[in-house]
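Here is what each chain is made of, one letter per residue.
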Amino acid sequence: MREERIIHGVVASVGTAIGKAVRTFDPLFVSFNFRLRPDQVRREVERFRGSVEKSREQLKRMQSELRKNSGPESSFLIDAHLLVLQDRLFVDRIIEKVETDCINSEWAIQQVSDELFQAYDRLNDEYLRERRGDLDDIVRRLLHNLQSKPLPSFKKLPYDAILVGKLVPPSTLFELRSQRIVGLATETGSPLSHTAIMARSLEIPAIVGASELAEVASGDLLIVDGERGIVIWSPSDETVAQYKSRDRDGKKLKKKPATVVSAPSITEDAVQISLGANINFSEEVRAAAGQGCEFIGLYRTEFDFFREGKQPDEEALVADYSLVLKSAKGAPVTFRTIDVGIDQKSWDGVNMNLGVRGLRFCLENTDIFKKQLRSLYRASVHGPTRILLPFVSSVDDLDAAHTVIEEVRRELQARRHRFDRNVPIGVMIETPAAAQTCDLMASLVDFFCLGTNDLIQYYLVVDRSDQSVVHLYNPFHPAILRCLQQVYTLLRPVGKPVTVCGEMAADPPSAAVLLGLGFTSLSVSLAAYTRIKRMIRSVSMAQLKDLAAEIMKMHKPKEVEEMVRAAVYRT
Ligand code: PEP
Ligand code: MG
């Protein structure tokens, strides 16, 4: 038996989980590593052969296209890929692994390609070393083609599964939310990534940035300790017993005091703060309404939109959005139009954070954008609806969005659909360009949402999903304080509602800074709702304003943070 081992990482979502590792493979084509029953092996080999065949056909098609359009030279490149598919060292080895180890094809591909990659890396010949790219390409193609051939046990994750991977995309967590996933542990990533935000939404304990997880295999016993920021690999019986008893005590403590939930969000000196909820999937709206949330300040619709990897049709979307509005029981719901591309890399490794993200994607894919807008407008008869546009960087973006919105409204009118003609349109202030020009955008929108998650990453040039720079991601940085103060000053005369919906509003010290700077509407995840309400009720606005004036004079993030923490926690 393996010795108990502690792997360090960073807490992305609190709580503890004990379970069996289920490894996911490749963030672009997420798959799971499974052991198969002997009677499933034959079908699995067929599944793999099917993927090889499909890949071969695709490559042949590509080759003949290339021959037609650009001559024979470039089509030779495809030969290299076709050769990999004929290579016995590759294909037969994968089949052998599936058969002898009783594992799914994805896992076998992963093992065989890892061995070959290592062999390539040891080669002295530069040219041959470069050929690892061909192998990489073909691996991706095989995985992609395997995805269209369902895995027999894909939906049957073991009970108490802990997802482990280099990087588990938020959509995967979302798709598997009704399965028995008790924990998440990733080799890369940061607490500000969407995966982490999703884990918190689902209340799944999660550790990110634990690079030593690379050796953990599916089936290994793990404990995710979301208090200490560690994963315990192969814990002893004694350790498991300790965690189980802690877990029982924790559950008893978790009950939220009813008095805080129903109390108004009002400071000690009687300043009313609007407190809304951020949700990431439609089912959360019931819990938000149950908790008495005043409004849904941010519904990240992209996860529901691309649920199960495919686009919904308009009728299904109208039904979903109508249900959300009905379940919100009269509380306004802010639907943020789909913001794809966050925390993602494209096929060729481009960081999408600076690419075709959010509204840019929608303006390039107007069929998708229009479908979502039509559905939102049609659902709007069921409750107060607000539409929020993400990742906007200029007035031109807003003009372009309005043109599409107008077209959609005309289409709906022509088709005699009923809809609310006064749905407010809002803009996320989450790019430095939007922060600098929010006053210029004011005449084009009805409300603003301040997205501090992205604003901080773009302002401080710190990738929010990269664990290696997480220590530089700091909401107390004077540049951020000045930026927030400027946004407040520019928007104050405008008189339109401004809500802060980034994670900065969900941590009591940074939320206190926001209040001190003048922001009086916050929207936070359900997990943070009670703690922020408690903070609001324990502070005086007059004191927070004095505090804000003090910290604006300070030079270093650490000094600011210390001063704010001392004031909020009265240490
Ligand atoms: C933000 O950027 O602050 C935000 C709320 O949006 P997201 O986290 O989805 O990017
Ligand atoms: Mg954002």
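See the structure printed just above.
Remember, it's a predicted structure, so these values are computed and weren't measured experimentally. (Residues numbered from 1 in each chain as written. Chains lettered and ligands numbered in written order. Predicted model: local features only at pLDDT ≥ 70, side-chain atom pairs only at ≥ 80, totals over all residues. Heavy atoms only, no water.)

Visitor: In this structure, what is going on with the overall build of the protein? I would like to understand it.
Guide: The secondary structure content of the protein amounts to 23 helices and 17 strands. Within the span of the protein, comprising 571 residues, buried residues form 53% of the whole. Taking the contacts inside the protein whose residues are at least 6 apart along the sequence as the reference set, 69% of them involve residues at least 24 apart. Element-wise, carbon and sulfur atoms account for 53% of the exposed surface of the protein, whose accessible area totals about 25800 Å². (Helix = DSSP H or I, 4+ residues; strand = E, 2+ residues; numbered from the N terminus. Buried < 20%, exposed > 50% of the residue type's maximum accessible area, 1.4 Å probe, protein only. Contact = heavy atoms within 4.5 Å. Areas by Shrake-Rupley, 256 points an atom, 1.4 Å probe, with all protein chains shown as cover.)

Visitor: Whenever I open this one, the site of ligand 1 confuses me. Can you help?
Guide: Surveying the vicinity of ligand 1 reveals 15 residues, the closest of which are His194, Arg300, Gly451, Asn453 and Arg464. Within the contact set of ligand 1, an oxygen atom lies 3.0 Å away from a side-chain nitrogen or oxygen of Glu430. In this structure, an oxygen atom belonging to ligand 1 sits 3.0 Å away from a main-chain N or O atom of Thr452. For ligand 1, the protein covers 100% of the area, taking 290 Å² as the surface of the free molecule. At the level of elements, α8 (194-201), β11 (296-300) and α18 (452-460) are the ones that each hand at least two residues to the shell around ligand 1. Here the element with the most residues in the shell around ligand 1 is α18; it accounts for 3 residues. Taken together, the residues of the shell around ligand 1 sort by class into 4 nonpolar, 5 polar and 6 charged. (Near = heavy atom within 4 Å. Polar contact = N/O pair within 3.5 Å; in protein donor to acceptor, adjacent residues only side chain to side chain. Nonpolar A, V, L, I, M, F, W, Y, C, P; charged D, E, K, R; others polar.)

Visitor: What should I look at first to understand the coordination of the magnesium ion (ligand 2) in this one?
Guide: Six octahedral donors around a metal ideally subtend angles of 90 or 180 degrees, whereas four tetrahedral donors ideally subtend 109.5 degrees. Of the protein atoms, only Glu430 (OE) and Asp454 (OD) coordinate the magnesium ion (ligand 2), at distances of 2.0 to 2.1 Å. Highlighted residues: Glu430 in the loop between β14 (425-429) and α17 (432-441) and Asp454 in helix α18, separated in sequence by 24 residues. For Glu430, a relative accessible area of 2% gives the class buried. Under the relative-accessibility criterion, Asp454 is labelled buried at 2%. (Donors = N, O, S within 2.8 Å, 3.2 Å for Na, K, Ca; no water.)

Visitor: Would you take a moment to explain the environment of Val445 for this structure?
Guide: Looking at the element boundaries, Val445 is found in the loop between α17 and β15 (447-450). Along the primary structure Val445 and Leu389 are separated by 56 residues, whereas in three dimensions their C-alpha atoms are 9.8 Å apart. Apart from residues no more than four positions distant in its own chain, Val445 is found in contact with Leu398, Ile425, Gly426, Val427 and Lys496.

Visitor: Help me understand the pairing of strand β6 (residues 181-186) in this model?
Guide: Looking along a regular strand, one sees the side chains alternate between the two faces of the sheet. Of all the 6 residues making up β6, 6 are buried; the element is thus mostly covered by neighbouring parts of the structure. The sheet contact formed by strand β5 (residues 161-165) and β6 spans 5 bridges and is parallel. Bridge pairing in β6 places Ile162 opposite Gly183. Judged from the 2 bridges that link them, β6 and strand β7 (residues 206-208) form a sheet pairing that is parallel. Each bridged residue has a counterpart across the sheet, and for Leu184 the counterpart in β7 is Ala206. Each parallel crossover has a hand, and the one from β6 via α8 to β7 is right-handed. (Pairing = 2+ DSSP bridges. Right-handed = clockwise from strand over helix to strand, strands pointing away.)

Visitor: Would you explain the nonpolar core in this entry?
Guide: Core analysis: the biggest nonpolar cluster contains 94 residues, and Tyr377, Ile429, Phe448, Leu484 and Leu522 have the highest contact counts within it. Not counting the four nearest positions on each side in its chain, Leu522 is found in contact with Ser274, Leu275, Gly276, Phe295, Thr499, Val500, Ala505, Ala511, Leu514, Leu515 and Ile532. Leu36, Leu82, Ile94 and Ala108 belong to the second-largest nonpolar core, a separate cluster that totals 28 residues. (Core = buried A, V, L, I, M, F, W, Y, C linked by side-chain atoms within 4.5 Å.)

Visitor: Mind showing me how you'd approach the packing of aromatic side chains here?
Guide: We describe a pair of aromatic rings using the distance from one ring centre to the other and the angle between the two ring planes. Tallying each qualifying case throughout the model produces 6 aromatic pairs. Note on Tyr321 and Phe335: the rings are 5.2 Å apart at their centroids and 65 degrees apart in plane angle, and the pair reads as edge-to-face. Taken together, the residues span a long stretch of sequence, with Tyr321 in helix α13 (residues 314-327) and Phe335 in strand β12 (residues 333-336) at a distance of 14 residues. For Tyr321, a relative accessible area of 2% corresponds to the buried category. Ring centres of Phe391 and Tyr458 lie 5.9 Å apart, and the angle between their planes is 50 degrees; this geometry places the pair in the tilted category. Here Phe391 is found in the loop between β13 (385-389) and α16 (395-414), whereas its partner Tyr458 is found in helix α18, with 67 residues between them in sequence. For Tyr458, a relative accessible area of 15% gives the class buried. Put simply, the rings of Tyr299, Tyr321 and Phe335 touch in pairs and so form one group of aromatic residues. The ring of Tyr243 has Arg246 sitting right over it, with the charged end atom 4.4 Å from the ring centre. (Phe/Tyr/Trp six-rings, centres within 6.5 Å; stacked < 30°, edge-to-face > 60°. Lys NZ or Arg CZ within 6 Å of the ring centre and 35° of its normal.)

Visitor: How should I be thinking about the packing of α13 against helix α15 (residues 366-379) in this particular structure?
Guide: To describe two helices that pack against each other, one gives the angle between their axes and the distance between the axes. Across the interface, α13 lies against α15 with an axial gap of 8 Å and an inter-helix angle of 45 degrees. Considering their axes alone, α13 and α15 lie oblique with respect to each other. In terms of crossing hand, the pair formed by α13 and α15 is right-handed. Here Glu314, Glu315, Leu317, Val318, Tyr321, Ser322 and Leu325 of α13 lie close against α15, whose contacting residues are Lys371, Gln372, Arg374, Ser375, Leu376, Arg378 and Ala379. Its residues placed into classes, the contact of α13 with α15 shows 6 nonpolar, 3 polar and 5 charged. (Axes fitted to C-alpha atoms, helices over the stretch in contact; angles between N-to-C directions. Parallel < 35°, antiparallel > 145°, perpendicular 65-115°, else oblique. Left-handed = near helix turned anticlockwise from the far one by under 90°.)

Visitor: Any chance you could explain unusual backbone geometry here in plain terms?
Guide: With the exception of glycine, the majority of residues adopt a negative phi angle, and the majority of peptide bonds are in the trans configuration. Unlike most non-glycine residues, Arg416 shows phi in positive territory, near 55 degrees. Its location among the elements puts Arg416 in the loop between α16 and β14.

Visitor: Would you take a moment to explain the side chain of Arg300 for this structure?
Guide: Mapped onto the elements, Arg300 comes out in strand β11. Salt bridges are absent for the buried Arg300, whose nearest opposite-charge side chain, Glu503, sits at 4.8 Å. Within polar-contact distance, the side chain of Arg300 engages the side chain of Asn280 at 2.9 Å. Not counting residues within four places of it along the chain, the set of residues in contact with Arg300 comprises His194, Ile197, Ile279, Asn280, Arg336 and Asn453. (Lys, Arg positive; Asp, Glu negative; His and termini not counted. Salt bridge = Lys/Arg side-chain N within 4 Å of Asp/Glu carboxyl O.)

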